[in-house]
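Fold and geometry: a report
Given next are the chains, with one letter for each unit.
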Amino acid sequence: MQALDPQAIRLSKRLASDIGCSRAEAEHYIDAGFVTVDGQVQDTPGARVLPGQAVALQPGAHLRPIQAVTLLLHKPAGYSLRPVEPGREGASALDLLVPAHLADVDTPQPMVPVARHFRHQQFVLPMPRAASGLVVYSQDARILRHLTEDAGLIEQEFLAEVRGQIIDDGLALLANGLYIDGDRLPPLKASWQNETHLRFALKRVAPEWLASICAALGLELVGLKRLRIGRISLGKLPQGQWRYLQGYERF
């Protein structure tokens, strides 16, 4: 293997030597996707290269900080929002945050994926593992703070697949504040999309409560999908794929 070749050295060390920059600057160029090895972009500073390989810094390379990004993912049902511990069953939604799963959506994406975009991504506004739909991962401290501190003020829209017969005046009870286990929930908005699907608009109510809410209405929750967070909707984002939050978009 190339990594075991005694002549192979770290790409960052090679680049720093070739262009006369510091190791930190070399790592920045590589992280930002400005460096090619034998004509192919290589964005891993620790990658090993051999003396005969061509290492080049692309035109337009700069040392400006790499912008923190926010990623919008259409999570499939059954995926955990957190990393899955070794030896445990299941898949992590983080595994879908790779360049190969960048959606081909109508709106042009604001940047080209680089390795730095997928490091230290944190999710906000959790939902049940069994649910699907819109999930937000971000590196941007402003986004993380807003969606954490103002979580109770941000409306989330869910589509619930249900079965059973709803109790009389069930939706009116929701609008007035349903009692569950002696606690009164904040008023909720709900409407029928069709005979088996209810749309819920939630504020100050965690989506984990929806199974109990449906049960209190005489319904069984079969499936759950998040359609919207604030002003950001799932739209046509395909399941299992992600896109960048655009600079003009606000939650």
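Please read all numbers here as calculations on a predicted model, not as lab measurements.

Below, the discussion takes up the sheet that holds strand β3 (residues 40-41). A sheet is described by the order of its strands in space; here three strands give the open sequence β3-β2-β5, paired in antiparallel fashion. The open sheet is flanked by β3 and β5 (55-57), the only strands paired with a single partner. In this fold helix α1 (residues 11-19) packs onto β2 (35-37) and β5, with an angle of close to 65° to the strand it touches most, β5.

On to the pattern of salt bridges. Taken as a whole, this structure holds 12 salt bridges when the rule is applied. Here Arg119 ties to Asp31 by a salt bridge, and the two come within 2.8 Å at their closest N and O atoms. Taken as a pair, Arg119 in the loop between β8 (91-92) and β9 (122-124) and Asp31 in helix α2 (residues 23-31) lie far apart in primary sequence, 88 residues in all. Under the relative-accessibility criterion, Arg119 is labelled partly exposed at 30%. Note that Glu85 and Arg88 form a salt bridge whose closest N and O atoms lie 3.7 Å from each other. What makes Arg88 exposed here is its relative accessible area of 59%. When salt bridges with common partners are traced through the structure, they connect Glu155, Glu157, Lys189, Arg199 and Arg228 into a single cluster.

A regular strand carries its side chains on alternate faces of the sheet. Of all six residues in strand β15 (residues 197-202), five are buried; the element is thus mostly enclosed. Examined bridge by bridge, strand β11 (residues 156-164) and β15 share six bridges and lie antiparallel to one another. Residue pairing for β15: Glu161 is matched across the bridge by His197. Two strands pair when backbone bridges link them, and strand β14 (residues 189-194) and β15 are joined in this way by five bridges, in the antiparallel orientation. Residue Asn194 lies in a different strand from β15, and its bridge partner there is His197. Hairpin remark: β14 followed by β15, antiparallel, with two residues in the connecting loop.

Among the seven residues of strand β10 (residues 132-138), seven are classified as buried, and the element is accordingly described as predominantly covered. As defined by bridge partners, strand β6 (residues 70-75) adjoins β10 across six bridges and the pair is classed as antiparallel. Bridge pairing in β10 links His74 to Leu134. With three bridges joining them, β9 and β10 adopt antiparallel strand pairing. Considered in β10, the bridge of Phe123 is made with Tyr137. Taken together, the two bridges between β10 and strand β16 (residues 219-229) define a ladder with parallel strand orientation. Looking across to β16, one finds that Gly133 is bridged to Arg226.

A word on the side chain of Thr36. Looking at the element boundaries, Thr36 is found in strand β2. Residue classification places Thr36 among the buried residues on the basis of a relative accessible area of 11%. Setting aside residues up to four positions removed in sequence, Thr36 forms contacts with Val41, Gln42, Ala54, Val55, Ala56 and Gln58.

Following the criterion strictly, the structure yields three aromatic pairs and no others. Pairing Phe118 with Trp242 gives two aromatic rings, centres 5.5 Å apart and planes at 80°, and the pair type is edge-to-face. Here Trp242 lies in strand β18 (residues 242-244) and Phe118 lies in the loop between β8 and β9, a separation of 124 residues in the sequence. Here Trp242 falls in the buried class, since its relative accessible area comes to 0%. Both rings, one in Phe123 and one in Tyr137, keep their centres 6.3 Å apart while their planes meet at 75°; by these two values the pair is edge-to-face. In this pair, Phe123 sits in strand β9 while Tyr137 sits in strand β10, placing the two residues 14 residues apart along the sequence. Residue Tyr137 is classed as buried on the basis of its relative accessible area, which comes to 1%. Site record: aromatic cluster; members linked through ring pairs are Phe118, Trp242 and Tyr244.

About the thresholds
Residues numbered from 1 in each chain as written. Predicted model: local features only at pLDDT ≥ 70, side-chain atom pairs only at ≥ 80, totals over all residues. Heavy atoms only, no water. Pairing = 2+ DSSP bridges. Helix = DSSP H or I, 4+ residues; strand = E, 2+ residues; numbered from the N terminus. Contact = heavy atoms within 4.5 Å. Axes fitted to C-alpha atoms, helices over the stretch in contact; angles between N-to-C directions. Salt bridge = Lys/Arg side-chain N within 4 Å of Asp/Glu carboxyl O. Buried < 20%, exposed > 50% of the residue type's maximum accessible area, 1.4 Å probe, protein only. Phe/Tyr/Trp six-rings, centres within 6.5 Å; stacked < 30°, edge-to-face > 60°.

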